[in-house]
Amino acid sequence: MTAPARARGSQELIRAEEPVLAHNYHPLPVVVARAEGAWVEDIEGRRYLDMLAGYSALNFGHRHPALVDAAHRQLDRLTLTSRAFHHDRLAGFAERLAALTGTDMVLPMNTGAEAVESGIKVARKWAYDVKGVPADRATIVVAADNFHGRTTTIVGFSTDETARAGFGPFTPGFRVVPYNDLAALEEAVDETTAAVLIEPIQGEAGVLIPDDGYLAGVRELTRRAGCLFVADEIQSGLGRTGRTLAVEHEPVVPDVVLLGKALGGGIVPVSAVVGSRGVLGVLRPGEHGSTFGGNPLAAAVGTAVVELLETGEFQRRAAELGTVLREGLAALVGRGVVGFRARGLWAGVDVDPALGSGREISERLMREGVLVKDTHGSTIRLAPPLTVTGEELRGALGTLEKVLTS
Ligand SMILES: *Cc1c(COP(=O)(O)O)cnc(C)c1O
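A quick note: this is a predicted structure, and the numbers were derived from the prediction, not measured.

Draft legend 1. Up close: the sheet that holds strand E2 (residues 39-42). Reading across from one edge, E1-E2-E3-E13 is the order of the 4 strands in this open sheet, with mixed pairing throughout. Here the strands that pair on one side only, and so sit at the sheet edges, are strand E1 (32-36) and strand E13 (370-371).

Draft legend 2. Broad picture of the site of the ligand. Lining the immediate surroundings of the ligand are Thr111, Gly112, Ala113, Phe147, His148, Gly149, Glu199, Asp232, Ile234, Gln235 and Lys261. Measuring from a nitrogen atom of the ligand, one finds a side-chain N or O atom of Asp232 at 2.7 Å. The separation between an oxygen atom of the ligand and a polar side-chain atom of Lys261 is 2.6 Å. Protein chains bury 80% of the 390 Å² of accessible surface belonging to the ligand in isolation. Residue classes in the shell around the ligand are distributed as 3 nonpolar, 5 polar and 3 charged.

Draft legend 3. Quick look at the pairing of strand E8 (residues 228-232). The element E8 is largely enclosed, with a buried count of 5 among its 5 residues. Every second residue of E8 is oriented toward a common face, with Leu228, Val230 and Asp232 on one face and Phe229 and Ala231 on the other, all of them buried. Pairing geometry for strand E7 (residues 193-198) and E8, over 4 bridges, is parallel. Within E8, the residue paired with Ile198 across the bridge is Ala231. With respect to chirality, the unit in which E7 leads through helix H8 (residues 214-225) into the neighbouring parallel E8 is right-handed. The sheet contact formed by E8 and strand E9 (residues 256-259) spans 3 bridges and is parallel. If you follow Ala231 over to E9, its bridge partner there is Val257.

Draft legend 4. The environment of Leu345, seen in detail. Within the secondary structure layout, Leu345 lies in the loop between strand E11 (337-342) and strand E12 (347-351). Considered as a pair, Leu345 and Ala84 are 261 residues apart in the sequence and their alpha carbons are 40 Å apart. Not counting the four nearest positions on each side in its chain, Leu345 is found in contact with Arg240, Ala318, Leu321, Gly322, Leu325, Leu382, Ala383, Pro384, Pro385, Leu386, Val388 and Leu393.

Draft legend 5. Representation of the packing of aromatic side chains in the model. Taken as a whole, this structure holds 3 aromatic pairs when the rule is applied. Relative to Tyr214, the ring of Tyr179 lies with its centre 5.5 Å away and its plane at 65 degrees, an arrangement referred to as edge-to-face. Taken as a pair, Tyr179 in the loop between strand E6 (174-177) and helix H7 (182-188) and Tyr214 in helix H8 lie far apart in primary sequence, 35 residues in all. Positioned over the ring face of Trp39 is Arg47, at 4.7 Å from the centre of the ring.

Draft legend 6. Summary view of the domain arrangement of the chain. We note that the domain assignment places domain 1 (5-30 + 313-405) and domain 2 (65-310) within the chain. For domain 1 and domain 2, the distance between their C-alpha centres works out to 27 Å. Contacts between domain 1 and domain 2 engage 20 residues on the former and 22 residues on the latter. Summed over both sides, the interface between domain 1 and domain 2 buries roughly 1,700 Å², with carbon and sulfur atoms accounting for 59% of that surface. The largest per-residue losses of area from domain 1 upon contact with domain 2 belong to Gln315, Arg343 and Trp346, which jointly make up 47% of the total buried on that side.

About the thresholds
Residues numbered from 1 in each chain as written. Predicted model: local features only at pLDDT ≥ 70, side-chain atom pairs only at ≥ 80, totals over all residues. Heavy atoms only, no water. Pairing = 2+ DSSP bridges. Helix = DSSP H or I, 4+ residues; strand = E, 2+ residues; numbered from the N terminus. Near = heavy atom within 4 Å. Polar contact = N/O pair within 3.5 Å; in protein donor to acceptor, adjacent residues only side chain to side chain. Areas by Shrake-Rupley, 256 points an atom, 1.4 Å probe, with all protein chains shown as cover. Nonpolar A, V, L, I, M, F, W, Y, C, P; charged D, E, K, R; others polar. Buried < 20%, exposed > 50% of the residue type's maximum accessible area, 1.4 Å probe, protein only. Right-handed = clockwise from strand over helix to strand, strands pointing away. Contact = heavy atoms within 4.5 Å. Phe/Tyr/Trp six-rings, centres within 6.5 Å; stacked < 30°, edge-to-face > 60°. Lys NZ or Arg CZ within 6 Å of the ring centre and 35° of its normal. Domains from an automatic or database assignment. Buried area = accessible area lost by both parts, 1.4 Å probe.

Below you can see the structure in the form of C-alpha cells.
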C-alpha cells in the first residue's frame, strides 16, 4: 500500500515521480508545498525566494490577493460554457485587454504554444485572404535561437536540436534568419511572406536583448514588405521589462502580439492573440477554436490581471527594481559573473564556467534559499515576481555573490 502523501518527505516524493512521470523535465530537487508573494515553502518548511516566477507566469507573485479573490468569486458562479454560448465575462475581458495593449481585437486561447499556433494560422489566413499570396505558398520568417513553445509546428522551426530531434516531419513554410540582423531579415522576406515572428527579447536563449533600433527596423521592414510583424510577448510582456509590452522600449506597434504566462495570474492558463481588426478579422466561425479558450474562470482572472496592469504600478516597479538588479549584477562582473543582459526585472547572467554549470550554480543557490533556472551552458536567468521588494532582491543578489565567491 502507498503511504499517504503527507507522510512522504522531499526525497521520497522525488523518487516516487521517477517511474510514473514522463522524464521531459529535470527539476531542481525541491518539493514545493505552498507559496505566497515572492516566497515558496517546501514540504519540510524550508523557505525560498522564487527568482524564476514560473518563467513570468507569476509576475504578480504567488496567490496575489486580488487574483485569488477574482478566481474564488468566479468559481462560485460560473466556470465553463464553451464558446457554443456567450458568457458574461468575455466581452469585458476582451475590451480591457485590447485597450491595455492598444489594439482592437482579441482571440482568447489557453497556453502560450496555442497562442503561437493561432498567430501562425491567422497570419497565413491573412496572407491568402488579404495580401493575395497564392494558396499554400505563405512563408513565415522566424529568428534563430527562438523559443515559441513545443508543438510539432513550433519545434519544426526551432534551432535547438534537443527540441527538434526525433519529432519530424515538420510543417513547411518557415525561414530562419539570425536574430538581431536586419540585413538577413530583409533578404528572407519576399512576396510570399505572411509574417515575421520574433520575440522582442529572447528569454530562453538567455535573455538576449537586440540592439536599439532592431525592433523599429523590423516594424519598418515588415510595413514596407507588406507583411505582418508578430511579436511573441508571452514571456517578455505584461510588465516584466518595465513596460506593459517589451516592444514599447522602441516606438513600435506590431500587427499581432502573442500573450500568455502572466495573463493567467499564476492561477489558470490564459493566452491570447491580440491585434488589429484588419488581421484578426479574417477568422470566420468554425475556422479556429478552443473548448477552454476564453472560459469564464480564465476571463475573470485575466480581467483581474489587466486591472493590476492598468494602474502602471507593476511596470514602474519592474523598471525601478530593474536598476537595483542591473547595478547588483554589474558589481559581480569579474567576481564570478562574466557578463549579463538585463531589462526590467529580467536578467540572463553568464557565470564563469570554471565555477560550475548553470545547473550547478542553480543547485547551490537553491541550498541557500534562492530558486532560479539555468538555461544554456553556464547561464542562469533571473525573473522574480514583480512584487519582490528591493530588500528581497538585494538579498538574492547577496546570495548569488556568496555562491560565486565562496
Ligand atoms: C513559454 C513561452 C511560450 C509557450 O508557452 P506555453 O504556455 O508553455 O505553451 C511561447 N513563447 C515564449 C516566448 C515563451 O516564453
